[in-house]
Amino acid sequence: MQHPFVINDQHVLEIGGVDAVTLAKKYGTPLFVYDVGIIRKNAKAFVEAFEALGVKAQVAYASKAFSSVAMLQVAKQEKLSLDVVSRGELHTALKADFPTEKIHLHGNNKSQEEISMAVEHDIGCVVVDNFHEIALLEAVLKEQGKQMDVLLRVTPGIEAHTHDYILTGNEDSKFGFDIANGQAEKAFLHVKDSEVIRMKGLHCHIGSQIFETDGFLMAVDRLFELIKSWQRDYGFEPAVLNVGGGFGIRYTENDEPLPLSDYIYALVERIKAEAEKAAIEMPEIWIEPGRSIVGNAAATLYTIGSVKEIPGVRKYVAVDGGMTDNLRPALYKAVYEAKIANRADETPVETVSIAGKCCESGDMLIWDIDLPKVEAGDLLAVFSTGAYGYAMANNYNRFGRPAVVFVENGKDKLVVRREEAEELTRLDLSYE
Ligand SMILES: Cc1ncc(COP(=O)(O)O)c(C=O)c1O
Ligand SMILES: N[C@@H](CCCC[NH3+])C(=O)O
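Bear in mind the structure is a predicted one, so any value in this text is a computation, not a measurement.

Undergrad: Hey, could you run me through the site of ligand 1 in this one?
TA: What surrounds ligand 1 is a group of 16 residues, the closest being Ala-62, Ser-208, Gly-245, Gly-290 and Arg-291. Broken down by class, the residue content of the shell around ligand 1 amounts to five nonpolar, eight polar and three charged.

Undergrad: How should I be thinking about the sheet that holds strand β1 (residues 6–7) in this particular structure?
TA: Adjacent strands of a sheet pair through backbone hydrogen bonds, lying either parallel or antiparallel. As summarised here, the arrangement of the three strands in space is β1-β2-β3, forming an open sheet in which the pairing is antiparallel. Whereas interior strands pair on both sides, the edge strands pair on one side only; in this sheet they are β1 and β3 (18–19).

Undergrad: It is not clear to me how the domain arrangement of the protein chain should be interpreted in this structure. Could you clarify?
TA: Interfaces are often sized by the accessible area lost when the parts come together. The assigned domain composition of the protein chain is domain 1 (6–35 + 295–425) and domain 2 (36–293). For domain 1 and domain 2, the distance between their C-alpha centres works out to 33 Å. Going through the elements one at a time, β4 (31–35), β22 (403–408) and β23 (411–416) are the ones with two or more residues in the side of domain 1 that touches domain 2. Counting residues per element, the side of domain 1 that touches domain 2 draws most heavily on β22, at four residues. Across the side of domain 1 that touches domain 2, the residue classes break down as 14 nonpolar, five polar and three charged.

Undergrad: Is there a simple way to explain the UniProt feature "active site" (unreviewed entry) in the protein chain in this structure?
TA: Here the UniProt feature "active site" (unreviewed entry) sits at Cys-359. Counting through the fold element by element, Cys-359 comes out in the loop between β19 (350–355) and β20 (364–371). Using a count of 8 C-beta atoms within 10 Å as the deciding quantity, one classes Cys-359 as exposed.

Undergrad: Where do I start with the site of ligand 2 in this structure?
TA: Near ligand 2, the surroundings consist of Lys-64, Ser-208, Arg-328 and Tyr-388. Split by residue class, the shell around ligand 2 holds one nonpolar, one polar and two charged.

Undergrad: Explain helix α1 (residues 20–27) to me, please; I cannot follow it from the model alone.
TA: For an α-helix the count is 3.6 residues per turn, leaving residues at separations of three or four pointing the same way. Regarding α1, the residues found buried are Ala-20, Leu-23, Ala-24 and Tyr-27. Buried residues of α1 fall within an arc of 95 degrees about the axis and therefore sit on the same side. Across from the buried face of α1, at angles greater than 90 degrees, the exposed residues are Thr-22 and Lys-25. After α1 finishes, the residue Gly-28 shows a positive phi value of roughly 80 degrees.

Undergrad: Is there a simple way to explain the pairing of strand β8 (residues 125–128) in this structure?
TA: Of the two faces of β8, the one holding Cys-125 and Val-127 and the one holding Val-126 and Val-128 are both buried throughout. For the crossover from strand β7 (residues 103–105) across helix α5 (residues 112–120) to β8, the handedness is right-handed. As judged from the three bridges shared by β8 and strand β9 (residues 148–155), these two strands associate in the parallel manner. Pairing of Val-126 across the sheet is with Val-150, part of β9. In this fold, β8 hands off to helix α6 (residues 131–144), which returns the chain to β9; that crossover is right-handed.

Undergrad: Help me understand the pairing of strand β16 (residues 298–310), please; the structure alone is not making it clear to me.
TA: Successive side chains on a regular strand alternate, one facing one side of the sheet and the next facing the other. Where β4 and β16 come together, four bridges link them in antiparallel fashion. Paired with Leu-31 across the strands is Leu-301, a residue of β16. Where β16 meets strand β21 (residues 379–383), five bridges bridge the pair, whose relative direction is antiparallel. Directly across from Thr-300, in β21, lies its bridge partner Val-382. Where β16 folds back on strand β17 (residues 314–319), the antiparallel hairpin that results is connected by three residues, among which Gly-312 adopts a positive phi of roughly 75 degrees.

Undergrad: Please clarify how the confidence of the model for the protein chain should be interpreted in this entry.
TA: Residues with a pLDDT of 70 or more make up 97% of the protein chain, whose mean pLDDT is 96. For this predicted complex, the interface confidence score (ipTM) comes to 0.98, while the overall pTM stands at 0.97.

Undergrad: Looking at this structure, how should I read helix α4 (residues 87–95)?
TA: Listing the buried residues of α4 in full gives Glu-89, Leu-90 and Ala-93. Viewed end-on, α4 has its buried residues packed into an arc of 100 degrees, placing them on one side of the element. Exposed residues on α4 whose side chains face more than 90 degrees from its buried face are Gly-88 and Lys-95. Elements in contact with the buried residues of α4: α3 (69–77), β6 (81–84), β7 and α5. Following α4 by one or two positions, Asp-97 adopts a phi angle in the positive range, close to 60 degrees.

Undergrad: So what exactly am I meant to see when it comes to the UniProt feature "binding site: pyridoxal 5'-phosphate" (unreviewed entry) in the protein chain here?
TA: According to UniProt, the feature "binding site: pyridoxal 5'-phosphate" (unreviewed entry) maps to Gly-246, Glu-288, Pro-289, Gly-290, Arg-291 and Tyr-388 in the numbering used here. Of note, Gly-290 is situated in the loop between β15 (284–287) and α10 (291–294). If we ignore the near neighbours within four places in the chain, the residues touching Gly-290 are Tyr-61, Ala-62, Lys-64, Ala-65, Gly-245 and Ala-387. With respect to the secondary-structure elements, Tyr-388 resides in the loop between β21 and β22. C-beta crowding within 10 Å serves as the criterion here: with 22 such atoms nearby, Tyr-388 is assigned to the buried category. If near-sequence neighbours (up to four positions away) are discounted, Tyr-388 is found in contact with Ala-65, Arg-291 and Arg-328.

Undergrad: Would you mind showing me how to read unusual backbone geometry here?
TA: Most peptide bonds take the trans configuration, and most residues that are not glycine carry a negative phi. For the bond from Thr-29 to Pro-30, the omega torsion is -10 degrees, close enough to zero to count as cis. With respect to the helices and strands, the residue Pro-30 is situated in the loop between α1 and β4. Positive phi values are uncommon outside glycine, yet Lys-79 reaches one of about 65 degrees. Within the element layout of this structure, Lys-79 appears in the loop between α3 and β6. Unlike most non-glycine residues, Gln-209 shows phi in positive territory, near 55 degrees. Here Gln-209 lies in the loop between β13 (197–203) and α8 (214–234). Its 21 C-beta neighbours within 10 Å are what place Gln-209 among the buried residues.

Analysis parameters
Residues numbered from 1 in each chain as written. Chains lettered and ligands numbered in written order. Predicted model: local features only at pLDDT ≥ 70, side-chain atom pairs only at ≥ 80, totals over all residues. Near = placed C-beta within 6 Å. Nonpolar A, V, L, I, M, F, W, Y, C, P; charged D, E, K, R; others polar. Pairing = 2+ DSSP bridges. Helix = DSSP H or I, 4+ residues; strand = E, 2+ residues; numbered from the N terminus. Domains from an automatic or database assignment. UniProt positions renumbered as here; feature names shortened; annotations may be inferred. Buried ≥ 20, exposed ≤ 12 C-beta atoms within 10 Å, placed from the backbone. Arc of directions from axis to C-beta. Right-handed = clockwise from strand over helix to strand, strands pointing away. pLDDT = per-residue confidence, 0-100. Contact = placed C-beta atoms within 7 Å.

Next up, the structure:
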């Protein structure tokens, strides 16, 4: 299935029960449109899989994929926990009145300010990443007279490259404590003896956009090797195992995502078996899905402007957005599918390339896509833009960031206002 939306009898794409032409007229373009029902369905798929297996779990939405007050309110309604990686993401969570005990702070270089804010608001846990941070956290905790649960982020030496997994002897990563070279154990020994840090368990994250369960299972095996040795040497038993995010979604026909519950069934089975072998109590399982919660829930609507044909070479179809609202094609050569939203069931007749409007030749949203004959004023819907789209939006060329609309059961609501040109000078100070 190319996209999860409906084409109505006026031949127009509908998202969450509202047609794209109406949305574009009402809110302008470029416009991120989320079908909130899909976000809820994705969240429930994880939560209900754990419930069905009777396993204690936390599904922490990785808010880096798309953070806004409305999004975090939906996450809260769906009983998710939350992974934040910055002061801004934590601030957004507080604005959304997210239960602080369900917030986990991540980051490979957390500042004293971020750590202080987390401790001040009594968040649920800090995922510690390096020795510098352990010292900062201890100092802040002592200063505020508090204690904090932590997970130790370890690098298990497994790197997932979508379909294959590479075992690297010496993990080359800016994140976490390496298991192989003993850093993880050194950090564990420090944390275990701390008066203010409570060692709750282990965390690992092997990558993103992963389509198979094998990589996760290999990571679980590595974690249990570690747990068994720490259990033998120090009597350690983890209360929590956090295996990160990375569950893959469909961008194009080359992507074949698993049902989200499949990852959970496989993970729980392996963790149960390993816990039994190690004769320890089944730990709580935490996961941190980002992309798989929001990625396929949104499309971006653009208005087509200039159409430039270079005979025998290429037809460039330019839209009113580009790398400022979707950096992924320029950054990762990411590939997307799209449709002309106002004539969504028309048969493609030509191959064109979709250009953004930034002053960069590399600002291309889609190379070589088959579309019906397009003209200025047509509406282009690019699918699966819900994760790392708005989140990585930027102001290059001083374009304002697009608006975001949530649609559910035929009702649309603006949840992030469009950034207007006047707002782009709000931080500028005069030099006259
Ligand atoms: C630690 C951590 N957790 C969770 C995620 C979310 O990943 P995804 O959006 O692929 O589920 C990431 C990003 O890769 C991450 O670095
Ligand atoms: N931003 C990336 C993923 C980074 C995942 C976070 N560690 C993307 O768009 O695919």
